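Residue-level listing of the chains:
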Amino acid sequence: MKGSKWFKFTLLYLGAIILSISQMKISPTDLRESFISLLNISPLEVSIYVSIFAFAPVFLAIPGGNLVKRYGAKLISILIMVALFLGNFIGYITDSYSVMLVARIIEGISFSFIMVTGMVLITHWFKDGGYGLAVGIFGTFSAFGYAAVIYILPMIYSSYGLKSIWLALAVASAIIGVFFILLFDNPRSESNGSEKVNKASLKEAFSNSRIIMLAIAMSTVSFILFTFLDGYPTIFKTVYNLAPEASSLNSMIFGLIGIPVGLIIGFLIEKTGKPLTIGFFSFIIMAIACFVTDKTPETLLLVQVIVLSTCISFTSTSIAASVPKVVKHPGLIEDSFAIVYLFYYVGALIGIPIVSGLVSSYGWAIVVIPLTVVALIGAVLAYPFLRRENKVNQIN
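Presented here is an overview of the structure given in this document. (Residues numbered from 1 in each chain as written. Predicted model: local features only at pLDDT ≥ 70, side-chain atom pairs only at ≥ 80, totals over all residues. Heavy atoms only, no water.)

Remarks on empty space enclosed by the protein
Right, on to step 1. Applying the stated criterion to the full structure yields 2 cavities of 30 Å³ or more.
Right, on to step 2. As a volume, the largest cavity reaches approximately 240 Å³.
Right, on to step 3. Forming the walls of the largest cavity are 22 residues, and the residues nearest its centre are Gly-139, Thr-140, Leu-225, Ile-312 and Ser-316.
Right, on to step 4. Looking at the lining of the largest cavity, the elements with two or more residues in it are helix H6 (97–125), helix H7 (131–138), helix H8 (141–151), helix H12 (209–239), helix H16 (301–326) and helix H17 (333–362).
Right, on to step 5. Ranked by residues supplied to the lining of the largest cavity, first place goes to H16 with 6 residues. (1 Å grid on protein atoms, 1.4 Å probe; cavity = no way out; pocket = protein on both sides within 12 Å on 5 of 7 lines; lining within 4 Å. Points joined across faces, edges and corners; volume = space filled by probe spheres on them. Helix = DSSP H or I, 4+ residues; strand = E, 2+ residues; numbered from the N terminus.)

If you want it as structure tokens, here you go:
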């Protein structure tokens, strides 16, 4: 039983959204405070619980590329939902912090594979057209998930209790996993074969300097993205003294704006064929948005939120859309995406604890400076691609 490519893409997108919700499920202030009270833990232990989600991906991203190549993206996509189910189900049945950490790492296995698997499936499904649009939409799953966390999870919490969130996510993961089994096809790389071939291709992918540049640029995006996903509720409350309703609305818009923006960037990539030209200017604007995080007049705060979300979506999508263009041959697609998203996971892992530590010591007025520098590093890395894209355009 097989569905259309857009229907299969929708299922993949829903699975990614569930993963994103699972990752950020205790971001709302009320839920985080309830979590602290339930387990009788410190704020530092909460930060460890939040950030450890990205611990497994740092070690599994590279093997993930080889696993997708060896066993196929369908099987790995099912593994993603199994890990998400197990992590949330174990979290539901325990009140032990140590066991919750283990369950969190199991959840993180799903995060290890989602980007590589998703991009391989999208590359396969949309090889005849629509790739840029699909990548643009897929890149919004984190922001969409964040909107759901801010709006939907507090309602579940108030009606059914904190642990019901873990149960709901486990059930949703199981349902989507069944659809994956029934409807997904199983593209395999042309480089399928012996372990020796896989290792050689990985080495070849690492030797591609353009892939490494894209990977480092992607780490700057994830560093900023996850910093603000975790930090915006605190910023709205402590820096701007917003009411809970206004804070929730701004946080939700930070997520929801990614949906139309994803469509726009996908369309622009399809039309211009110059993703990193778009990415370069987006990094520059992102740097400005980071710098004014604590300086924006309250009447313009929503504009800052929308601009930052737009730039994050534009840059991450531009980088992902550029990977197939710079690989040396199709057999390196999985390994190249694995390298790019290894750096994505590193940025996600280190961003929250580093920024949280700096905020507690120096406040947001100082922290916006390194965030601005991180965005500018992304712009520097994107600039050579901008020059190359414009040279190609002039030749044609």
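Continuing now.
Remarks on the layout of surface pockets
Unfilled space is identified by rolling a water-sized probe across the atoms.
Right, on to step 1. Here the largest pocket is characterised by a volume of approximately 560 Å³.
Right, on to step 2. Surrounding the largest pocket, 22 residues form its lining, Arg-32, Asp-230, Gly-231, Thr-234 and Ser-356 being those nearest its centre.
Right, on to step 3. Within the residue set of the lining of the largest pocket, elements represented by two or more residues are helix H2 (29–39), helix H3 (43–51), H12 and H17.
Right, on to step 4. By residue number, the principal contributor to the lining of the largest pocket is H12, which donates 7 residues.
Right, on to step 5. Of the residues contributing to the lining of the largest pocket, the split by class is 9 nonpolar, 9 polar and 4 charged.
Right, on to step 6. As a volume, the second largest pocket reaches approximately 420 Å³.
Right, on to step 7. Residue lining of the second largest pocket: 19 residues in total, with Thr-29, Asp-30, Pro-244, Ser-247 and Ser-248 positioned closest to the centre. (Nonpolar A, V, L, I, M, F, W, Y, C, P; charged D, E, K, R; others polar.)

Details of unusual backbone geometry
Right, on to step 1. Of note, the phi angle at Asn-40 is positive, near 55°, even though the residue is not glycine.
Right, on to step 2. Phi at Asn-241 takes a positive value of approximately 55°, unusual for a residue other than glycine.
Right, on to step 3. Position of Asn-241 among the secondary structure elements: in the loop between H12 and helix H13 (244–256).
Right, on to step 4. Residue classification places Asn-241 among the exposed positions, given a relative accessible area of 63%. (Buried < 20%, exposed > 50% of the residue type's maximum accessible area, 1.4 Å probe, protein only.)

A look at a nonpolar patch on the surface
Right, on to step 1. On the surface, a cluster of nonpolar side chains totalling about 600 Å² of accessible area is made up of Phe-89, Tyr-92, Ile-93, Leu-167, Val-171, Ile-175 and Phe-179.
Right, on to step 2. When contributions to the nonpolar patch are tallied by element, the ones reaching two or more residues are helix H5 (73–93) and helix H10 (163–183).
Right, on to step 3. Residue contributions to the nonpolar patch peak at 4 residues, all from H10.
Right, on to step 4. By the element assignment, Phe-89 lies in helix H5.
Right, on to step 5. By relative accessible area, which is 35% here, Phe-89 ends up partly exposed. (Patch = residues over 30% accessible without salt bridge, like charges linked within 9 Å, V, L, I, M, F, W, Y side chains within 5 Å. Areas by Shrake-Rupley, 256 points an atom, 1.4 Å probe, with all protein chains shown as cover. Salt bridge = Lys/Arg side-chain N within 4 Å of Asp/Glu carboxyl O.)

Some words on the packing of aromatic side chains
Right, on to step 1. Overall, the coordinates contain 25 aromatic pairs when judged by the stated rule.
Right, on to step 2. Between Phe-226 and Tyr-344 the ring centres are 5.9 Å apart and the planes differ by 80°, which places this aromatic pair in the edge-to-face class. Of this pair, Phe-226 sits in helix H12 while Tyr-344 sits in helix H17, and the two are 118 residues apart along the sequence.
Right, on to step 3. On the basis of relative accessibility, which here comes to 2%, the residue Phe-226 falls in the buried class. (Phe/Tyr/Trp six-rings, centres within 6.5 Å; stacked < 30°, edge-to-face > 60°.)

Coordinates in, geometry out; function isn't part of it.
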